[in-house]
Number of protein chains: 2
Amino acid sequence: MSNFSSRRQAVLEVMKTMRCHPTADRVYEECRKTIPNISLATVYRNLAFWEQAGVVGRVVGCDNKERYDVELDNHCHVICPECGEVEDMDYPAELKEYLDNYCLDNGFEKFGLSFYKVCDKCSKDNLKQAK
Amino acid sequence: MSNFSSRRQAVLEVMKTMRCHPTADRVYEECRKTIPNISLATVYRNLAFWEQAGVVGRVVGCDNKERYDVELDNHCHVICPECGEVEDMDYPAELKEYLDNYCLDNGFEKFGLSFYKVCDKCSKDNLKQAK
DNA sequence: AAGAAAAATAAAAATAATTATCATTTTTGT
DNA sequence: ACAAAAATGATAATTATTTTTATTTTTCTT
């Protein structure tokens, strides 16, 4: 009964259920679990579709891969400078308010805030390598 | 008398004199004005060198090109969502202090703050197209 | 200053991510 | 049911970046 094709829906569904901020390739992998013959081009196309629709946004990490995200509004990002993985974090309320007002006052459309910290996985890997 | 090769110096010099946050390709273009036969690979290599040396940093814009920057410390970025150009802006002092402390308290290495606004060039272009 | 070792380079090839093309299939509207 | 439009898979093309390799430049040692 939906207006969208099953693959288009699947791409969004995957985006909603993955808690990380996947690259297109990760979304593709995930989609193939339920739709084995979906093509990577379709994933890119539909990510672009949902982006245009305003449902999905791009997140800039720190490697040169695009990462995608749903519901960008109320969180900032914690980025691992080594692997580029991006996690969500709620804004401290007062900070969010400050920044919202700052945007209004200065004509900015939106803002993005990121913090950097080596993720658990990478710091473990570093320990192993050091041995 | 410098420790660095002339091309290595040139790359840094160009970075310091360009006020925008150029892509590697723009740096290459600029370098060729003084060193016509410098190669793009050398520009990439030396940007990476200066990055490792901690002098140059990467900035994430909104297209999928890497952009480079010197002196990342005391400014945030204003990014044009259409062309990806990145400009510097000083932090409001109180905000900077708040964020610095927030990092210290929570074990983050650093933070990055960006605001989004269509740049003058793009908004003019949009007007022209609309006619 | 000479000559060996190390570092830096240009040019080109390779890689990786993303986008475009195109023939075919699926969906939609009437 | 059938024509028109949209979506898709497969693959080719494009774009940005990195690696390779043979050569040149710089540095070090004597």
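Rules of the game
- Residues numbered from 1 in each chain as written.
- Chains lettered and ligands numbered in written order.
- Predicted model: local features only at pLDDT ≥ 70, side-chain atom pairs only at ≥ 80, totals over all residues.
- Heavy atoms only, no water.
- Helix = DSSP H or I, 4+ residues; strand = E, 2+ residues; numbered from the N terminus.
- Buried < 20%, exposed > 50% of the residue type's maximum accessible area, 1.4 Å probe, protein only.
- Contact = heavy atoms within 4.5 Å.
- Areas by Shrake-Rupley, 256 points an atom, 1.4 Å probe, with all protein chains shown as cover.
- Lys, Arg positive; Asp, Glu negative; His and termini not counted.
- Charge placed at Lys NZ, Arg CZ, Asp CG, Glu CD.
- Polar contact = N/O pair within 3.5 Å; in protein donor to acceptor, adjacent residues only side chain to side chain.
- Near = heavy atom within 4 Å.
- Domains from an automatic or database assignment.
- Buried area = accessible area lost by both parts, 1.4 Å probe.
- Salt bridge = Lys/Arg side-chain N within 4 Å of Asp/Glu carboxyl O.
- Nonpolar A, V, L, I, M, F, W, Y, C, P; charged D, E, K, R; others polar.
- Pairing = 2+ DSSP bridges.
- Axes fitted to C-alpha atoms, helices over the stretch in contact; angles between N-to-C directions.

### Side note on the overall build of chain A
Turning to step 1, where the next piece is worked out: What chain A contains, in helices and strands, is 5 helices and 5 strands.
Turning to step 2, where the next piece is worked out: By principal-axis analysis of the C-alpha atoms, chain A measures approximately 50 × 45 × 20 Å.
Turning to step 3, where the next piece is worked out: Here chain A holds 131 residues, and the buried ones make up 40% of them.
Turning to step 4, where the next piece is worked out: When contacts within chain A are restricted to residue pairs at least 6 apart in sequence, long-range pairs at least 24 apart make up 43% of them.
Turning to step 5, where the next piece is worked out: About 8,000 Å² of surface is accessible on chain A, with carbon and sulfur atoms providing 48% of the total.
Turning to step 6, where the next piece is worked out: Placing the 18 positive and 22 negative side-chain charges of chain A at their respective mean positions leaves the two points 10 Å apart.

### Observations concerning the side chain of H77 of chain B
Turning to step 1, where the next piece is worked out: Topologically, H77 of chain B is positioned in strand 3 (residues 75-79).
Turning to step 2, where the next piece is worked out: A distance of 3.3 Å separates the side chain of H77 of chain B from the side chain of D69 of chain B, its partner in a polar contact.

### Describing the environment of D88 of chain A
All names here are of chain A.
Turning to step 1, where the next piece is worked out: With respect to the helices and strands, D88 occurs in strand 4 (residues 86-90).
Turning to step 2, where the next piece is worked out: Separated by 53 residues in sequence, D88 and I35 have C-alpha atoms that sit 28 Å apart.
Turning to step 3, where the next piece is worked out: Those residues within four positions of D88 in sequence are excluded, and the remaining contacts are H21, D69, H75, C76 and H77.
Turning to step 4, where the next piece is worked out: A polar atom in the side chain of D88 sits 3.1 Å from the side chain of H75.
Turning to step 5, where the next piece is worked out: Within the structure, the side chain of D88 is placed 3.4 Å from the side chain of H77, a separation counted as a polar contact.

### Here's the deal with the protein's contact with DNA strand D
Turning to step 1, where the next piece is worked out: Near DNA strand D you find 15 residues, and of these S5, R7, R8 and T42 of chain A together with Y44 of chain B are the closest.
Turning to step 2, where the next piece is worked out: In DNA strand D, atoms within 4 Å of the protein come from the sugar-phosphate backbone in 72% of cases.
Turning to step 3, where the next piece is worked out: The separation between a base nitrogen of DNA strand D and a polar side-chain atom of R45 of chain A is 3.1 Å.
Turning to step 4, where the next piece is worked out: Contact between DNA strand D and N46 of chain A: a phosphate oxygen at 3.3 Å from a side-chain N or O atom of the residue.

### Regarding the domain arrangement of chain A
All names here are of chain A.
Turning to step 1, where the next piece is worked out: You can read the domains of chain A as domain 1 (1-71) and domain 2 (73-131).
Turning to step 2, where the next piece is worked out: Each of domain 1 and domain 2 has a C-alpha centre, and these two points are 21 Å apart.
Turning to step 3, where the next piece is worked out: At the junction of the two partners, domain 1 supplies 11 residues and domain 2 supplies 13 residues.
Turning to step 4, where the next piece is worked out: For the pair domain 1 and domain 2, the summed buried area comes to about 790 Å², and 51% of that belongs to carbon and sulfur atoms.
Turning to step 5, where the next piece is worked out: Along the contact surface separating domain 1 from domain 2 lie 1 salt bridge.
Turning to step 6, where the next piece is worked out: Here R67 and E85 are joined by a salt bridge, their closest N and O atoms 3.7 Å apart.
Turning to step 7, where the next piece is worked out: Counting the contacts that link domain 1 with domain 2 gives 5 residue pairs in polar contact (both at pLDDT 80 or more).
Turning to step 8, where the next piece is worked out: Contributions of two or more residues to the side of domain 1 that touches domain 2 are made by strand 1 (56-60) and strand 2 (66-70).

### Here's the deal with the protein's contact with DNA strand C
Turning to step 1, where the next piece is worked out: Neighbouring DNA strand C are 15 residues; Y44 of chain A together with S5, R7, R8 and T42 of chain B lie closest to it.
Turning to step 2, where the next piece is worked out: Taking Y44 of chain A, its side chain carries an N or O atom lying 2.3 Å from a phosphate oxygen of DNA strand C.
Turning to step 3, where the next piece is worked out: In the model, a base nitrogen of DNA strand C is placed 3.1 Å from a nitrogen or oxygen of the R45 of chain B side chain.
Turning to step 4, where the next piece is worked out: Of all the secondary structure elements, the ones that give two or more residues to the surface near DNA strand C are helix 3 (40-52) of chain A together with helix 1 (6-17) and helix 3 (40-52) of chain B.
Turning to step 5, where the next piece is worked out: If you tally residues by element for the surface near DNA strand C, the top one is helix 3 of chain B, at 4 residues.
Turning to step 6, where the next piece is worked out: Partitioning the surface near DNA strand C into residue classes produces 4 nonpolar, 6 polar and 5 charged.

### Re the sheet that holds strand 4 of chain A
Turning to step 1, where the next piece is worked out: With mixed pairing, 6 strands are arranged side by side in an open sheet as 4(A)-3(A)-5(A)-5(B)-3(B)-4(B). On the outer flanks of this sheet lie strand 4 of chain A together with strand 4 (86-90) of chain B, each paired with one strand and no other. Adjacent strand axes in the sheet meet at a mean angle of 30°, parallel and antiparallel pairs treated alike.
Turning to step 2, where the next piece is worked out: With 3 bridges joining them, strand 3 of chain B and strand 5 (residues 110-116) of chain B adopt parallel strand pairing. The partner of H77 of chain B across the bridge, within strand 5 of chain B, is S114 of chain B.
Turning to step 3, where the next piece is worked out: Across the face of the sheet, helix 4 (residues 93-106) of chain A comes into contact with strand 5 (110-116) of chain A together with strand 4 and strand 5 of chain B while running at roughly 140° to strand 5 of chain A.
Turning to step 4, where the next piece is worked out: Across the sheet, helix 4 (residues 93-106) of chain B touches strand 4 and strand 5 of chain A together with strand 5 of chain B, and the angle it forms with strand 5 of chain B is around 140°.

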